[in-house]
Amino acid sequence: MYQAPFPVYEQERLHALHRLELLDTPSEPVFDSIVRILSKTLEVPICLFSLVDKDRQWFKSSIGLDSKETSREVAFCAHTILDDVPLVIPDARQDARFSDNPLVTGFPGIRFYAGMPITTSSGLAIGTLCAIDTKARAITAEQLSILEDLSTLITREVRSREAAAVTKVYRQVAFEGRTGSDHFKEIFERAGVGIALVTPDGEWVRVNDSFCTIVGYSREELSVLTFQKMTYADDLEKNIYYLNQLAKGEIESYQFEKRYIHKDGNAVWVTLNTSALRGANEHLEGFVSFVSDISQRKEAEAALAQLRLTLESDVEERTHELHLANEMLFRSMVEQSDAQRSLIKREAELAAVIDNAYDAYISIDDTGVVISWNHQAEVLFGWSADEAIGQLMHDLIVPEKSREGHQHGIKQYMVSGQSNVLNKRLEFTAQCRDGGFIPVEVRIKALTSDDRTIFCAFLHDITARKEAEKVREEEARRDALTGLPNRRAFFEVLPQAMARAVRWEKELALLFIDLDGFKGINDHYGHKVGDALLCQVANRLSDNIRKTDSAFRLAGDEFVIILEGLHHGAGSAVKVGEKIVKYISHPVVVDDEVNVTVSASIGFQLYSAANKELTVEQMLNAADQAMYKAKGAGRGRVEML
C-alpha cells in the first residue's frame, strides 16, 4: 500500500494544528452545517472535515461515518495536504496509490474521493474538507467549485480562530509594554523570536536583541530606519495593505511570510505576526511585531522537495548508482574527478536523508553486526550510535526468544540466497534498551556490493496504530446505542461458552428477549424516546445477570443473554428470565416528561454435553422460536420449546 510522505515542514504544521485546539473537541454547528451542505450538494453519502495529526486523521465534523478517526497511514487526506490544489480520485480501485488501501478494499469501500486542503494563515495545511462516495464517479466543474467555496469558509473560520489566539498574546504584550513592567522587559529581551514596537509611520520604537540579530542592525542603526526601507520591494505592498487593514480595525492581527533586507544587502526570510497597539478611545499608538527567521527553511525547501521525490528509489538505487560510478572511474582519467565529486555528493545526501528520516534505519553485515544506526534508531531503541555500531543487532533489539531464528535467517540467505522476510512489510515486536517492547513495521533489503552483502532495514514505530486498531476492534463489537456487545460479539462469544459448558460438564442457557409493544412506543413518541427505552432495557439486563453471564443486543428491540454454569438447568433459566421480565416492565421516564412501559417475552434453549451436537445457529433459532411461543401464550412470559 502506498503511504503519503510527510510534508516538508511537518513539525511546523503539527505545531500550528495543535495551537488551534480543535483536536478531540465536540462537534460545532459552524463546521457541521458546511459538511451537511457539501453532502447534499454533491449527493455523496460521506463528507468530512478532517484534521491530519501526527499518526491519525481525526474528524472534527462528519456525515456518513460513525468512527471519529483513522490511522494516518491509510488516510486519503494525508495525500491532499501535500499540495494546495484539490485532490480528485474518480475511482480508487483504478488508482495505483489507493487500489490496495484498506479503506478501499474494506469498510467503507471508498471509490470516489474529492478533497481540498484547509490551511492556516501561513499556508500550512492542517486538514481537509472532502467528499466520498462508494461508487466511482466524475466531478463536474460546478461541483469542484462548490467544494472549493465551502473549504474557503472553513479556512476562514480556522484562520479567524488562529488570529484570535495570536491576538490574545499580542494584547497581553502590548499591555505589559505600556506599563513598562520588569516582567515585560525580561520577556521582551529574552524572547527567542524577534520583537519590535513600531510607530504608525513605520519607525522602530523598541526592538530586542533577537530582532537585531535577524536583520543585522544595532538598535542605534535601526533608530534612523523605517520598516518600509528595510522591507524587500516585492513584499512591501502586501505588508502595507495588511497594516492599513489593522489600523482601520478591519482585522485584529495578521501573519505572513516576507523578506527584510539584511544589513549585508541580502534578503532574509521571516514569518511576521503583527497586532495594533491602541490607547484610550482606541487611538492607534503603533504596532507590535513578532519576527521568526525562516531563511534556512526557505533555502532548504527546494532541496528537500527534490529529495522527497527521489526517496522512493531507496538505499538500493543509491547503492546501485555508486556501483556504476565506481565502474566509470576505471574508464577514463578525464571522468575520474567528476565521478568522484558525484559520489561524494550522493553519499552526503544519502547520509543526511538516512540520519533525518522519520523511521529508524539500521544496517548490518553478513554476520549480524551493526554498521549503521541513525538518529531515529537512537530515539526509538535507546542505544546511541556509538554504543550500537559494532554490536550484534540481535543482542540490541531482537527479543531473546527470537534471536536464534534471526541468526538462522541470515545464515540461510548467505548459503541459499533465499529468505522469507526480505523486500516485504513485516510487523514484529522489538526490544528496547530499558527492557520494554514496542511493535514495529520493518522493511529489509539485502544489498551486494564488491562481493559484500549488507542487510538494510527501515523500522517504523506502530504503537499508536496498534492501539487504534485495538480500539476499533472493540468498537466494532459494541452496540453504539446501548453500549452492550453487538451481534458480531455474540457470534464470537457463544461458541466459546458452548465449549466451556461441555468441558466443565455444566449447563448453559441462551435467552432470546423481544420487547412487547416497542414498535407502538417508537411510532407514537419518536426515536428519541425509543432509543432511551432501549438503553434503559440494556441497563436492566446488565444489572440483573451475574458477571459470568453476558448480555447482547442483536438488532432493533431484540436482545440475548448467555447464562453459564447453571446448577438447575431450566429452573435457573426461568428464574433469571422472570426476574428480567419483572424489571423490564417497570416504567421508564424520558426527559422528566414521557412515561412509557413495555413488557418482554423470553424464550430460551439449554445446552450441555448431552446435546452438544447443536450448532450456534440451531441454539439461536430454538431460543427465537421459544420466544414466539411466549408471545403466543400471552406475552410477558418465559418459555422453552
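Since the structure is predicted, the reported quantities are computational estimates derived from the model, not experimental observations.

## Here we look at the confidence of the model for the protein chain
Here the protein chain shows a mean pLDDT of 86. Residues at 70 or above account for 86%. The spread of mean pLDDT over the elements of the protein chain runs between helix H13 (residues 333-355), the lowest at 58, and strand E1 (residues 46-52), the highest at 97.

## Re the side chain of glutamine 143
Tracing the backbone through its elements, the reader meets glutamine 143 in helix H5 (residues 141-179). When residues no more than four places from it in sequence are discounted, the contact partners of glutamine 143 are Leu42, Arg137 and Ala138.

## Here we look at the pattern of salt bridges
With the rule as written, the count across this model stands at 34 salt bridges. Here arginine 443 and aspartate 359 are joined by a salt bridge, their closest N and O atoms 3.8 Å apart. Separated by 84 residues along the polypeptide, arginine 443 in strand E15 (residues 437-449) and aspartate 359 in the loop between H13 and strand E12 (360-364) bring together distant segments of the chain. A relative accessible area of 30% means that arginine 443 is categorised as partly exposed. Between arginine 546 and aspartate 549 there is a salt bridge; the shortest N-O distance is 2.8 Å. A residue is classified by how much of its surface remains accessible, and arginine 546, at 39% relative accessible area, is partly exposed. A single network of salt bridges, built from pairs that share partners, joins Glu73, Arg425, Glu427, Glu441, Arg465, Lys466 and Glu469.

## Topic: the pairing of strand E19 (residues 558-566)
With seven of nine residues buried, E19 lies mostly within the body of the structure. Two elements, strand E17 (residues 507-516) and E19, share seven bridges in a ladder whose sense is antiparallel. Following the sheet pairing, alanine 509 is matched in E19 by leucine 563. Bridge count for strand E18 (residues 550-555) against E19 is five bridges, and the pairing is antiparallel. Its bridge partner lying in E19, alanine 551 is registered against isoleucine 561. Linking E18 to E19, which pair antiparallel, is a turn of two residues; within it glycine 556 sits at a positive phi near 50°.

## Examining helix H1 (residues 10-19)
Inspection of H1 places Glu10, Arg13, Leu14, Ala16 and Leu17 among the buried residues, and these make up the whole buried set. With its buried residues spanning 160° around the axis, H1 presents them on a single face. Structural note: H1 exposes Gln11 and His15 on the side pointing more than 90 degrees away from its buried face. Where H1 is buried, its residues touch E1 and strand E6 (125-133). Looking one or two residues past H1, glutamate 21 carries a phi angle of roughly 55°, positive in sign.

## What to know about the packing of helix H19 (residues 487-504) against helix H23 (residues 616-632)
The relative placement of two packed helices comes down to the angle between their axes together with the axis-to-axis distance. The geometry of H19 relative to H23 is characterised by a closest axis approach of 10 Å and an angle of 100° between their N-to-C directions. In terms of axis orientation, H19 runs roughly perpendicular to H23. Residues Phe490, Phe491, Leu494, Pro495 and Met498 of H19 lie in contact with H23, whose contacting residues are Val616, Met619 and Leu620. In terms of residue class, the contact of H19 with H23 is built from eight nonpolar, no polar and no charged.

## Some words on the sheet that holds strand E22 (residues 599-607)
Ordered by their spatial adjacency, five strands build an open sheet running E18-E19-E17-E22-E23, and the pairing between neighbours is mixed. Each edge of the sheet is formed by a strand with only one pairing partner; in this case those strands are E18 and strand E23 (638-640). Between one strand and the next, the sheet's axes are offset by a mean angle of 25°, whatever the strand orientation. Across the face of the sheet, helix H22 (residues 570-584) comes into contact with E17, E19, E22 and E23 while running at roughly 160° to E22.

Each value, and the rule that gives it
Residues numbered from 1 in each chain as written. Predicted model: local features only at pLDDT ≥ 70, side-chain atom pairs only at ≥ 80, totals over all residues. Heavy atoms only, no water. pLDDT = per-residue confidence, 0-100. Helix = DSSP H or I, 4+ residues; strand = E, 2+ residues; numbered from the N terminus. Contact = heavy atoms within 4.5 Å. Salt bridge = Lys/Arg side-chain N within 4 Å of Asp/Glu carboxyl O. Buried < 20%, exposed > 50% of the residue type's maximum accessible area, 1.4 Å probe, protein only. Pairing = 2+ DSSP bridges. Arc of directions from axis to C-beta. Axes fitted to C-alpha atoms, helices over the stretch in contact; angles between N-to-C directions. Parallel < 35°, antiparallel > 145°, perpendicular 65-115°, else oblique. Nonpolar A, V, L, I, M, F, W, Y, C, P; charged D, E, K, R; others polar.

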